[in-house]
Amino acid sequence: MSTETLVATGNKAHSHGPGSPVPLQARSERPTSYDVDVFPVPNGREEEWRFTPIKALKGLFEDTEPTETPKIDASGPERVTIETVVADALKVLTPQDRPSAIAWKQSPSALAVRIPNEAELTEPVHVNVASLGGRGYTHLIIEAGRHSRGLVIIDHTGAGELASNVEIKVGDGAELRVVSIQQGDHDSLHLAQHDSLVGRDAKLKHVVVTLGGKVVRINANVRYAGPGGDAEFLGVYFAEGGQHHEHRLFVDHEATNCKSNVLYKGALAGDHARSVWIGDVLIRAAAEGTDTFELNRNLVLTEGARADSVPNLEIETGEIEGAGHASATGRFDDEQLFYLQARGIPEDAARRLVVSGFFNDIIGKIGVPEVVEHLHEVIETKLARTAELSASAKAALGQ
């Protein structure tokens, strides 16, 4: 198992994950624009695309009209406003890559979910996005008013190619949870950018759950509109053979006395199962009193799977509470498996216990019962398939 940890309190500290080259430019210096032409079609040598299977995404790099309109259904408590608005109604998000810019251009309207000031929702808002087999684009706006409390669950399903933008604004003193679930068909493609703006003394919990899709790439970014903001970013993913799950984050600390905590965990099983996690944190010179930490852990269950993990930290002021990151990727612990089997637990059950233990802490932090229950079910199903593959491989080797 490889592990790297950095705790930095000095000026302009900057570190990278194992074996990663220093970027040609700081994360904050990369271009952002609503103009598609600002972003050339990637060739795979760019820092932000070097891990991504760009050949599979050719259609989503083309600035052409969609071949389908994804089906979107949204429902929520009576006090929540759900309506179609013009695309630039909020403009928290500025595209950071070509697919996001194309999605912005090709989506002249957006679905807006607005929680009124001081409303405390007792039921979640559900947004279901279904791709129908073609290439489509979506734009979602989520706005939590001042001192409100709410939960929004976005569920992505279906086949086809999807590029989506999600804008999130958390008003002063509000608490918002947003859960984005990616469980498209095995051949589906999904590229997304999620941008959040957290207000003064506001709290955001942003959860990404990636369980399906041939290629899924989620860019999640957060900024702070005032002091005292708190952002927690959680991610769970399980890539099987032939799947590529990529999660990129950018935490931009530009206000004083704000917090951020990032925890992503993933498992991989099967030939060419691939995961990528990139965690960028920038603490600007004005962001005194910042407290931030990010952690990514990966569990490789079989041969032929690969996980890449790159945490980056830029600090422009020494007046902070704390900053650090950690990254670890390891293979399934055969000694732990042997220990459980020696106590009479069958191999399949022991394997499930080990993987469940790996995920338990982060699943417990999600705090949404319907999502947690579904996660446990899907992980059990995936582990069952992994056990079948392992048994077949052993049989082929005559073991």
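These lines cover the structure that appears in this document, whether it is placed above or below. Fair warning: this is a prediction, and the values are worked out from it, not measured in the lab. (Residues numbered from 1 in each chain as written. Predicted model: local features only at pLDDT ≥ 70, side-chain atom pairs only at ≥ 80, totals over all residues. Heavy atoms only, no water.)

**Re unusual backbone geometry**
With the exception of glycine, most residues fall at negative phi, and the peptide bonds are largely trans.
For step 1, the next point in the chain: Despite not being glycine, D201 shows a phi value in the positive range, around 55°.
For step 2, the next point in the chain: Looking at the element boundaries, D201 is found in the loop between β9 (189-198) and β10 (203-210).
For step 3, the next point in the chain: Of note in this structure, N257 is not a glycine but carries a positive phi near 55°.
For step 4, the next point in the chain: Examined against the element boundaries, N257 turns out to sit in the loop between β13 (244-253) and β14 (259-268). (Helix = DSSP H or I, 4+ residues; strand = E, 2+ residues; numbered from the N terminus.)

**Considering the pairing of strand β7 (residues 149-170)**
For step 1, the next point in the chain: Among the 22 residues of β7, 17 are classified as buried, and the element is accordingly described as predominantly covered.
For step 2, the next point in the chain: Pairing analysis gives 18 bridges linking strand β6 (residues 125-144) to β7, with the strands arranged parallel. Looking across to β7, one finds that V127 is bridged to I154.
For step 3, the next point in the chain: Bridge analysis of β7 against strand β8 (residues 175-182) gives eight bridges, and the strand direction is parallel. Bridge pairing in β8 links H156 to Q182.
For step 4, the next point in the chain: Inspection of the sheet shows β7 paired to β9 by 10 bridges, in the parallel sense. Considered in β9, the bridge of A163 is made with L191. (Buried < 20%, exposed > 50% of the residue type's maximum accessible area, 1.4 Å probe, protein only. Pairing = 2+ DSSP bridges.)

**Topic: the side chain of S148**
For step 1, the next point in the chain: Here S148 lies in the loop between β6 and β7.
For step 2, the next point in the chain: Note on S148: relative accessible area 0%, which makes it buried.
For step 3, the next point in the chain: Within the structure, S148 has its side chain in polar contact with the backbone oxygen of G145 (distance 2.7 Å).
For step 4, the next point in the chain: For S148, the contacting residues outside a window of four places in its chain are I115, P116, E118, A119, A174 and E175. (Polar contact = N/O pair within 3.5 Å; in protein donor to acceptor, adjacent residues only side chain to side chain. Contact = heavy atoms within 4.5 Å.)

**Some points on the pattern of salt bridges**
For step 1, the next point in the chain: Within this structure, the stated rule accounts for 16 salt bridges.
For step 2, the next point in the chain: With a shortest N-O distance of 3.1 Å, R217 and E246 are connected by a salt bridge. Residue R217 is found in strand β11 (residues 215-224), and its partner E246 is found in strand β13; the two are separated by 29 residues along the sequence.
For step 3, the next point in the chain: Relative accessible area serves as the criterion here: at 0%, E246 is assigned to the buried category. (Salt bridge = Lys/Arg side-chain N within 4 Å of Asp/Glu carboxyl O.)

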